[in-house]
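Here is what each chain is made of, one letter per residue.
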Amino acid sequence: MVIRIAAVGDVHLDQDVVGRFRPALEELPDTADVLLLAGDLTRHGTESEARCVATEFGNLGVPVVAVLGNHDHHCNEVPQVIRVLEGAGILVLEGTNVVLDLPGGRLGIAGAKGFGGGFAGRCASAFGEPEMKAFVQTTSDSAEQLGEALREMDCDLRVALTHYAPVPDTLAGEPPEIYPFLGSYLLGQAIDSAPTELALHGHAHAGTERGTTPGGVRVRNVAHPVIKQAYSVFHLHPPYAGGAKVSLTSGSGIS
Ligand SMILES: [Fe+2]
Ligand SMILES: [Fe+2]
């Protein structure tokens, strides 16, 4: 048995992008059981851009589960954006989870946007000014919610979905100076606190596709500029089918 997960992030939709992904998405039910969207679905987080996302990613014939990204927060229209997405059947996770009963098994997805802060040895700490404490606390809260959402699921396989990166591996290619704004090791710790099978994120447009958490969980940066296709598809084999493993097997290209 296999669970087939399609994923892409950072599609940054506005009117001019509508239609570019749709031809490949029409084939999705043949190649995947679910589509995960790793945030930055819109360009500036407006309600009208969210309607473009709904047009492009709604009614696909497979469940669509998303987290938002920093761009989706920019215009302070998050409630409206979520309402439009959920109206199109796109489930938005934020420190929450969902278990999907798929032909290959029960897939648990825990999602959170996450936040920055950096990685071991070069990270922000909750010290000094209240602004710095608030910055670190935001990440800490998000990681805590993600960890809890992962641990509490009753499922065959767990996947973590974030916008910000949980490890520095998948940031390779980005300037090191901006790593603290691209992710946090706290997200990696949260992912390692549960028997997570795969962690997907976006945000690092100039990053690298593959990484691993300190606990050995496979991490994939599915930002559209990184994967350079409409989506990547991962085949996960539930443990009862002879040992868990994940492989990148296919995808559909767009320019
Ligand atoms: Fe982005
Ligand atoms: Fe982003």
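Bear in mind that the values here come from a model prediction, so they are computed numbers and not experimental data.

Cut-offs applied
Residues numbered from 1 in each chain as written. Chains lettered and ligands numbered in written order. Predicted model: local features only at pLDDT ≥ 70, side-chain atom pairs only at ≥ 80, totals over all residues. Heavy atoms only, no water. Donors = N, O, S within 2.8 Å, 3.2 Å for Na, K, Ca; no water. Tetrahedral: all angles 85-135°; square planar, octahedral: opposite > 155°, others 65-115°. Buried < 20%, exposed > 50% of the residue type's maximum accessible area, 1.4 Å probe, protein only. Axes fitted to C-alpha atoms, helices over the stretch in contact; angles between N-to-C directions. Helix = DSSP H or I, 4+ residues; strand = E, 2+ residues; numbered from the N terminus. Parallel < 35°, antiparallel > 145°, perpendicular 65-115°, else oblique. Left-handed = near helix turned anticlockwise from the far one by under 90°. Contact = heavy atoms within 4.5 Å. Nonpolar A, V, L, I, M, F, W, Y, C, P; charged D, E, K, R; others polar. Lys, Arg positive; Asp, Glu negative; His and termini not counted. Salt bridge = Lys/Arg side-chain N within 4 Å of Asp/Glu carboxyl O. Polar contact = N/O pair within 3.5 Å; in protein donor to acceptor, adjacent residues only side chain to side chain. Pairing = 2+ DSSP bridges. Core = buried A, V, L, I, M, F, W, Y, C linked by side-chain atoms within 4.5 Å.

Q: Describe the coordination of the iron ion (ligand 1), naming the residues involved and giving the relevant values.
A: Looking at the iron ion (ligand 1), the protein donor atoms are Asp10 (OD), His12 (NE2), Asp40 (OD) and His205 (NE2), and they sit 2.0 to 2.3 Å from it. Taken together, the four donor atoms surrounding the iron ion (ligand 1) define angles of 87 to 168 degrees at the centre, an arrangement classified as irregular. Sequence spacing of the donor residues for the iron ion (ligand 1), all on one chain, is D-x1-H-x27-D-x164-H. The distance between the iron ion (ligand 1) and the iron ion (ligand 2) comes to 3.4 Å, with aspartate 40 serving as a donor to both metals.

Q: Help me get a handle on the coordination of the iron ion (ligand 2), residues and values and all.
A: Taken together, the protein ligands of the iron ion (ligand 2) are Asp40 (OD), Asn70 (OD1), His163 (NE2) and His203 (ND1), with distances of 2.1 to 2.2 Å. What the four donor atoms of the iron ion (ligand 2) show is an angle range of 89 to 157 degrees at the metal, which sorts the shape as irregular. Spacing between the donor residues of the iron ion (ligand 2) along their common chain follows D-x29-N-x92-H-x39-H. Taking relative accessible area as the criterion, aspartate 40 reaches 1% and is therefore assigned buried. Looking at asparagine 70, the relative accessible area reads 27%, which means it is partly exposed.

Q: Before we move on, could you go through the packing of helix H5 (residues 130–151) against helix H6 (residues 185–192) and cite the residues and values that matter?
A: Any two packed helices are characterised by how steeply their axes cross, that is the angle between the axes, and by the distance between the axes. For the pair H5 and H6, the least separation of the axes is 8 Å and the interaxial angle reads 15 degrees. When the interaxial angle is binned, H5 and H6 end up roughly parallel. Taken as a pair, H5 and H6 cross one another with a handedness that is right-handed. Here Thr139, Ser140, Ser142, Ala143, Leu146, Gly147 and Leu150 of H5 lie close against H6, whose contacting residues are Leu186, Leu187, Ala190 and Ile191. Its residues assigned to classes, the contact of H5 with H6 shows seven nonpolar, four polar and no charged.

Q: Describe in detail the side chain of glutamate 49, supporting the description with residues and values.
A: Inspection of the secondary structure assignment puts glutamate 49 in helix H3 (residues 47–57). One buried charge, glutamate 49, has no salt-bridge partner; the nearest side chain with opposite charge is arginine 43, at 5.9 Å. At a separation of 3.1 Å, a polar atom in the side chain of glutamate 49 contacts the main-chain amide nitrogen of glycine 45. When neighbours within four sequence positions are excluded, glutamate 49 is seen to be in contact with Leu13, Asp14, Thr42, Arg43 and His44.

Q: Tell me about the sheet that holds strand E12 (residues 218–221), and please be specific about residues and values.
A: One open sheet accounts for six strands, arranged E5-E6-E9-E10-E12-E11; its pairing is mixed. Since the sheet does not close on itself, it has two edges, and those belong to strand E5 (96–102) and strand E11 (210–212), each with one partner. Across the sheet, the mean angle separating the axes of adjacent strands is 25 degrees when strand polarity is ignored. Bridge analysis of E11 against E12 gives three bridges, and the strand direction is antiparallel. Across the sheet, the residue bridging to arginine 210 is arginine 220, located in E12. Strands E5, strand E6 (105–112) and strand E9 (157–162) of the sheet are contacted by H5, whose axis makes an angle of about 170 degrees with E6.

Q: Give a detailed account of the nonpolar core, specifying residues and quantitative values.
A: One broad trend across soluble globular proteins is that nonpolar side chains are buried collectively. Counting residues in each nonpolar core, the largest one holds 56 residues, and the members touching the most others are Leu35, Leu36, Phe57, Ile109, Leu200 and Tyr231. Setting aside chain neighbours within four positions, we find phenylalanine 57 in contact with Val8, Val11, Leu13, Phe21, Arg22, Leu25, Leu35, Leu37, Val64 and Ile90.

Q: Any details on the pairing of E5? Residues and values, ideally.
A: As defined by bridge partners, E5 adjoins E6 across seven bridges and the pair is classed as antiparallel. Across the sheet, the residue bridging to leucine 100 is leucine 107, located in E6.

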